[in-house]
Amino acid sequence: MKLTSRTRTAGDILFDIGNVVFMIGLMVVTLYPFANMLAVSLNDAMDASRGGIFLKPRVFTLYNYEYVLREASIFHSLMISVLRTVIGTAVAVFCSAMVAYTVSRPEYLLRKWVALAFILTMYFNGGLIPTYLLHKELHLINSFWVYIIPGIVGAFNIIIIRSFIEGIPDGINESAKIDGAGDFKIFMKIVLPLCTPVLATVALFVAVWQWNSWFDVFLYNSSNPKLSTLQYELMKILQTANGSSTQATIGDVLGGNQRGVAANQVTPTSIRATMTIVASLPIILVYPFLQKYFVKGMTLGGVKG
Amino acid sequence: MKGSHTRYFALALATAVLLAGCAKDNGAPSSGSAAPASASLSAENSAPPELQPATFTYFNAASAGKDGNTNETTLGKILEEQTGVNFRIEHLVGDLNTKLGVMLAGGDLPDVVVPDAGIDKMLDAKAFIPLNELLEQYGPNLKKLYETYWDQLPAEDGNIYIIPFAASKGFVPDMYQPGAFYIQRGVLKEFGYPKLETLDEYFDLIKRYKEKYPQINGGSTIGFEALTDDWRFFTLTNPAANLAGLPNEGEVYVDMATKQAHVTGDTEFTKRWLQTLNKANDDGLFDKESLVAKYDQYIAKLSGGRVLGFFDYGWQITPAVQNLLQTGDDDRMYMGFPLVLDKGVREQYMDPPVFATNRGIGITTSAKDPARIIQFFDNMVKEENQKLLFWGEQGKTYEVDDKGRFYRTKEQIEQRDPEFQQSYGFKYFSYYWPMGAGLYEDGNAYFPDRQPEVIAASYSEGDKKILEAYGLQVFTDVYHEPADVEERKWYPVWTAAKQQGSPEQMFEQKKMDLQRKWFPRLILAEPDKFEAMWEEYAAQFRKLDVKTYEDWANGVIQDRLAGKKR
Amino acid sequence: MSRKSYIGRLMDQKTLMLMSIPFVIWLFIFRYLPIWGWTIAFQHYRPGTGLWEQKWTGLDNFRLLFQEEAFYLVMRNTLAMSLINLVLGFATAITLAILLNELRSVLFKRVVQTISYLPHFISWVVASSIIVTALSIDSSGIVNLILMKLGLINEPILWLAEGKYFWGILGVSEVWKNVGWNTIIYLAAITAIDPAQYEAAEIDGANRMQRILYVTLPGLKPIIVLLLIMNIGNILESGFEPQYLLGNGLTADYSDNLDIFVLKYGIAMGNFSFATAAGVFKTVISIALLFGANYMAKRFGQERLF
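Residues numbered from 1 in each chain as written. Chains lettered and ligands numbered in written order. Predicted model: local features only at pLDDT ≥ 70, side-chain atom pairs only at ≥ 80, totals over all residues.

J.: Explanation requested: the overall build of chain C in the structure shown.
T.: Along its length, chain C carries 14 helices and two strands. Its C-alpha atoms give chain C a radius of gyration of 25 Å, more than 25% over the compact-globule value 19 Å for 306 residues. The principal-axis extents of the C-alpha atoms in chain C amount to approximately 75 × 70 × 35 Å. Look at the contacts in chain C between residues 6 or more apart in sequence, and 69% of them connect residues 24 or more apart. (Helix = DSSP H or I, 4+ residues; strand = E, 2+ residues; numbered from the N terminus. Rg over C-alpha atoms; globule rule 2.2 N^0.38 Å. Contact = placed C-beta atoms within 7 Å.)

Laid out in structure tokens, this is it:
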């Protein structure tokens, strides 16, 4: 921002210093869990179960990563994860923006009803089994498209984008209309480019949601390894490491406990830490990339002036 | 193989079926299609029709693990060579009820399902086929293995829907100790290896040791640690009945004279157990934090060597034990005792072999060729195959001495890493199939980790020293032999199935909520307020639907005594 | 121009209709059609049995829900934790967005943004383990250590054993985990504020505080109001994982909320009907609250949802 041109008062400087100190404090607190995960993931699992690992590993090893990367059919599932994230995000952002545009048009007679129809869906769902049966009827089971089609438009996204579009000065649209541009053209040529910050925000939300999803894999595609995603594969490894500990079954208690599982070289804790790093690094990197769309906003003034 | 005539006949038939199969492409279970079959044609041992390659799907809701094909493992390959059958295994990853719910609602069932606690759902939806005739026709070995339990297999309608696991013959104690009050070996050494019998003696020892050594490994000594995290809370509630010399039946104990079940929640022994902990807390021996800590913290504390005592089951403390073993300080290792409240009471910590009829494996209505599956099961329970599945191959994963005893060399014992367990196939076949347990006909233990030779070979120097001090062979020798199964034909009540959302299930959940709330408070209370608080708790406990629950438990006992399956 | 009929005017909006109606159809199929599943709430549902062969139980499942003694305690906790999260969540995220906006170095700002949203990617299992460790009375419990160093307390407090601290601990944990993430939307909204407004304010001699109060905050108001209305509709969703993982028997009277209740007595028992009944109850309350909040916003002349 170019607001710094004016001479800074003593109060300003004090504020700035305080602000920076606060931000550093915030970073320490919010970086800690990740740093801690990193340290645990790079530490020998059995040793880590003794506790007391904070910021640096005590007994360094790469074994946890080796184990996780070997056990997860990582490359294929990573590809599926990337595909669903990229396609899912692109589709969701474009379609949500389109609906948002229509419900932002004051002259659109159906605007209120369309908006309400979407908004209500934020507060209910038919439940697991009816949804499953629907997807089965639509042949979405055992299919990649079950990751995309049920999520093409989100009510929340529509509301956020609509609010942003409504902030665009009317003059822009009006002048385009006079020039003879249709709604679709205005949407594509004027609204979309002006909305980049909010589209980037929505893209981030959708991408993170897509990337982290594993429940739909569990419900619909669990028996088809070709459609498994990274999160689901990691979930499997975690539960395997948990062994009988997540589900103490009668079988485990009566049938010789963890026969054959002994000599844990990995523990649920170490797997979880490694998984956190492996699964979240790629998606975390999306944000810095999107950030360049957040500092804009000048465009608005530009068009207007 | 039989005579050569049969062989040629089989070959001709196999070819014919193969061609027919190719032409029709009807998606029959012989999905292996041309490639493997033609391979077996060229092999010197041709495949009779029942050896046609077939792949079935197997869903395991009882444990997590790596998904894959059994024939990708050494053991699975051997079984495939014997039967032509391969299983594609899928493990449950998320919530059991959710997964079974959508599977049943959508009708997309795998061929074979191990539904774990979801068994009622499966039966309710009539998703399993009756196996009676198939067993009659194709299951001679299964019948032999399950002989003693055969009358317990049918459901109320007389049909057999599931085959339970682990039909025991002969008793072998577990390598892991069942429930025990553990105490540091350093404490025992300090006081000359006393034989511990009562809870008071145990806490007395801990108190004296803690006074003498207020610090261990640079931290303050912790007298007694509890495990209360989430579902592991049972570790705090279970000891009560054991302390009274009763076996663990779950929420009830059974009066042997009247065969009547009574709930344990408000009994005198539960009260005395909590009061002892209350006193320990007042003496500064109880670690308050263990009432809010997670399992990870619990393991970390035990691994740190500062905890003098705790109650637990062997299988919940393996990581801590391994850590302690690695530090090499045997004084910080543990030894467990089956304690009682009053001197002279005979303890019953160790379970007799239990045949759980409400867990097992079933064939679903979606299975295209159930006969092949039963044949596979029948083949796998032959004694030589059971030895193969649990011990592996002689010379590779075990040895036999001149007296016919099985043992494992140091290297073979150490082949326990998950990759080997997986690739060899031990992992896939370790449980959750029709199988036996206990002893083989030749007297060897069914499972290597129950064979005394194998157990003894895995003991450390410290283990040997303390076993000698107490004059024991293995650690489980501290327990009395479990009572005769015949005397407690119903044992244990807790394995009986409960209907989803039934009053007995509601009772257990409410009881759990109540005890999770009150037990920690009772432990932390000022000693002079304990009585009043206990009364308050007991009053609330009695407000629960105790009668319905006891009636249910009595129903289970009576039915099981009458030889009915529950 | 003569006045056209409604249909006639609608026909003039073909493009807008083409751009929205297909998605409304999609919405109907994927979101509204499965509502038939609510019938499960009035049955004793058993999966694998046809819908019309189920046993109908009328309002039994709802009765079970409302007659349960614990229900009212659970509702109190749900509302309390939701409100705390709502207020704390809004206040901290907006404050952080404004403070970030005031940073002079763009690079520093981006670094802070990226780092502060990291905890959002840590699962609650991991986060709760870190929280439990930080609150420990042992030597690893940094909270007690600091408070003792500062002389605020004399001996370590077992924070997680006291019900009265639970809501506070939960609120702070939620903020710690999600403040960076929640800020993103406000940062996007700030970009929409016309820079000319800042310049004008500066020319008028507004100081930094005044610029925040009279330019930034009003610029954020529409989105704040929208999010507020939406979140009021969600008041019965107070989360479930953190309560489940941080709670224990000693704090259960404060930590058990509606979702945990439904989990224990519905889902964990495989009782789909009970879980569905609770879902229907939540929907009814949510939609009532949503309309209420929207109406209030309208009354006060604010931005509204529909």
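Having seen the model, we can carry on.
J.: When you look at the overall build of chain A in this model, what are you seeing that I'm missing?
T.: Each helix and strand counted, chain A has 16 helices and zero strands in total. By residue count, 50% of the 305 residues in chain A fall in the buried class. (Buried ≥ 20, exposed ≤ 12 C-beta atoms within 10 Å, placed from the backbone.)

J.: Looking at this model, I keep getting lost on the interface of chain C and chain B. Mind explaining?
T.: Reports often express the size of an interface as the amount of accessible area lost when the parts come together. Listed as interface residues are 25 residues of chain C and, on the opposing side, 28 residues of chain B. For the side of chain C that touches chain B, the secondary structure elements donating two or more residues are helix H6 (124-134), helix H13 (258-267) and helix H14 (272-299) of chain C. In terms of residue count, the dominant contributor to the side of chain C that touches chain B is H13(C) (three residues). Along the lines of polarity and charge, the residues of the side of chain C that touches chain B split into 13 nonpolar, nine polar and three charged. (Nonpolar A, V, L, I, M, F, W, Y, C, P; charged D, E, K, R; others polar.)

J.: Can you help me understand the interface of chain C and chain A in this one?
T.: Counting residues at the interface gives 73 residues for chain C and 75 residues for chain A. Top contributing element to the side of chain C that touches chain A by residue count: helix H2 (residues 14-32) of chain C, with ten residues. Counted by class, the side of chain C that touches chain A contains 49 nonpolar, 16 polar and eight charged residues.

J.: Looking at this model, I keep getting lost on the sheet that holds strand S15 (residues 361-363) of chain B. Mind explaining?
T.: Within a sheet, each strand pairs with its neighbour through backbone hydrogen bonds, oriented either parallel or antiparallel. Residue and element names in this part refer to chain B. Judged by pairing direction, the sheet is mixed, and its six strands sit side by side in the order S2-S3-S1-S4-S15-S5 without closing on themselves. The sheet terminates laterally at strand S2 (68-69) and strand S5 (162-163), the two strands that pair on one side only. Relative to strand S3 (residues 85-91), strand S1 (residues 54-60) runs parallel, the two sharing seven bridges. Within S3, the residue paired with Thr 57 across the bridge is Arg 88. (Pairing = 2+ DSSP bridges.)

J.: Help me understand the nonpolar core, please; the structure alone is not making it clear to me.
T.: Within soluble globular proteins, side chains that are nonpolar tend to cluster in buried spots. By size, the foremost hydrophobic cluster in this structure holds 300 residues, and its most contacted members are A:Ile158, A:Ile161, A:Cys195, A:Val202, B:Ile183, B:Tyr202 and C:Tyr186. In terms of residues, this core owes the most to one element, helix H8 (residues 163-191) of chain C, which gives 13 residues. Setting aside chain neighbours within four positions, we find B:Ile183 in contact with B:Leu188, B:Tyr202, B:Leu205, B:Leu308, B:Gly309, B:Tyr334 and B:Met335. (Core = buried A, V, L, I, M, F, W, Y, C linked by C-beta atoms within 7 Å.)

J.: Explain the sheet that holds strand S14 (residues 334-337) of chain B here, please?
T.: Residues and elements named next belong to chain B. Reading across the sheet, the four strands line up as S10-S13-S7-S14 and stay open at both edges, with mixed pairing between neighbours. Pairing within the sheet leaves two strands with one partner each, and these edge strands are strand S10 (222-225) and S14. Strand-to-strand twist of the sheet, defined as the mean angle between neighbouring strand axes without regard to direction, takes the value 20°. As paired strands, strand S7 (residues 180-184) and strand S13 (residues 307-312) are joined by four bridges and run antiparallel to one another. Looking across to S13, one finds that Ala 180 is bridged to Asp 312. Sheet strands in contact with helix H13 (residues 295-303) are S10 and S13, and its direction is about 140° off that of S10. (Axes fitted to C-alpha atoms, helices over the stretch in contact; angles between N-to-C directions.)

J.: Can you walk me through the packing of helix H4 (residues 74-104) of chain A against helix H7 (residues 155-166) of chain A in this structure?
T.: How two helices pack is summed up by the angle between their axes together with the distance between the axes. Residues and elements named next belong to chain A. For the pair H4 and H7, interaxial distance at closest approach is 8 Å and the crossing angle is 55°. In terms of orientation, H4 and H7 fall into the oblique class. Here the hand of the crossing between H4 and H7 comes out right-handed. Mapping the contact onto sequence places Ala 92, Ser 96, Ala 97, Val 99, Ala 100, Tyr 101, Val 103 and Ser 104 in H4 and Asn 157, Ile 158, Ile 161, Arg 162, Ile 165 and Glu 166 in H7. Among the residues forming the contact of H4 with H7, the class breakdown is nine nonpolar, three polar and two charged. (Parallel < 35°, antiparallel > 145°, perpendicular 65-115°, else oblique. Left-handed = near helix turned anticlockwise from the far one by under 90°.)

J.: How should I be thinking about the packing of H13(C) against H14(C) in this particular structure?
T.: Residues and elements named next belong to chain C. One can describe the packing of H13 onto H14 by two numbers: an axis separation of 8 Å at closest approach and a directional angle of 155°. Judged by the angle between their axes, H13 and H14 are roughly antiparallel. The two elements H13 and H14 meet at a crossing, and its hand is right-handed. Contacts between H13 and H14 involve Leu 258, Val 262, Tyr 265, Gly 266 and Ile 267 from the first element and Phe 274, Ala 275 and Ala 278 from the second.

J.: Help me understand the domain arrangement of chain A in this model?
T.: Residues and elements named next belong to chain A. Taken domain by domain, chain A consists of domain 1 (3-67) and domain 2 (73-304). With twelve residues of domain 1 in contact, the opposing surface of domain 2 contributes eleven residues. Class assignment for the residues of the side of domain 1 that touches domain 2 results in nine nonpolar, three polar and no charged. (Domains from an automatic or database assignment.)

J.: Explain helix H12 (residues 268-282) of chain B to me, please; I cannot follow it from the model alone.
T.: All names here are of chain B. Compared with an ideal rise of 1.5 Å per residue, which puts 15 residues at 21 Å, H12 spans 21 Å between its outermost C-alpha atoms and is within 8% of the ideal. Inspection of H12 places Phe 269, Thr 270, Trp 273, Leu 274, Leu 277, Asn 278, Ala 280 and Asn 281 among the buried residues, and these make up the whole buried set. Contacts from the buried residues of H12 go to helix H9 (199-212), S10, helix H11 (239-243), helix H22 (503-524) and helix H23 (530-543). Once H12 ends, the next one or two residues include Gly 284, with phi positive near 75°. (Expected span 1.5 Å × (residues − 1).)

J.: What exactly am I supposed to notice about the confidence of the model for chain C here?
T.: Detailed reading of the predicted coordinates is not advisable wherever pLDDT falls low. When pLDDT is averaged along chain C, the result is 91; 99% of the residues meet or exceed 70. Per the prediction output, this complex has pTM 0.87; the corresponding ipTM is 0.91. (pLDDT = per-residue confidence, 0-100.)

J.: Help me understand the environment of B:Lys410 in this model?
T.: As for its placement among the helices and strands, B:Lys410 is situated in helix H17 (residues 410-414). For the pair B:Lys410 and B:Leu388, spaced 22 residues apart in sequence, the C-alpha to C-alpha distance is 19 Å.

J.: Where do I start with the pairing of strand S11 (residues 252-255) of chain B in this structure?
T.: Consecutive residues of a regular strand have side chains that alternate between opposite faces of the sheet. In this structure, S11(B) lies alongside strand S12 (residues 260-263) of chain B, joined through four bridges in antiparallel fashion. Paired with B:Val252 across the two strands is B:Val263, which belongs to S12(B).

J.: Would you mind showing me how to read unusual backbone geometry here?
T.: Generally, phi is negative for residues other than glycine and the peptide bonds are trans, each holding for most cases. Of note, the amide linkage connecting B:Tyr491 to B:Pro492 takes the cis form, showing an omega dihedral of -15°. In this model, A:His139 sits at a positive phi of 60°, which is unusual for a non-glycine residue. If you trace the backbone, A:His139 turns up in the loop between helix H6 (128-137) and H7.

J.: What's the story with the confidence of the model for chain A in this structure? I'm lost.
T.: Residues and elements named next belong to chain A. Residues of chain A with pLDDT of at least 70 account for 86%, and the chain-wide mean is 84. Scored below 50 in pLDDT, residues 1-5 shows three contacts in the model against residues more than four places distant or in partner chains. Across residues 244-264 the pLDDT falls below 50, and counting only partners more than four positions away or on other chains, this stretch makes 50 contacts in the model.

J.: So what exactly am I meant to see when it comes to the environment of C:Ile115 here?
T.: Its place among the elements puts C:Ile115 in helix H5 (residues 106-116). C-beta crowding within 10 Å serves as the criterion here: with 19 such atoms nearby, C:Ile115 is assigned to the partly exposed category. Sequence separation between C:Ile115 and C:Gly180 is 65 residues; the distance between their C-alpha atoms is 8.0 Å. In contact with C:Ile115, other than residues within four places in its own chain, are A:Met27, A:Thr30 and A:Leu31.

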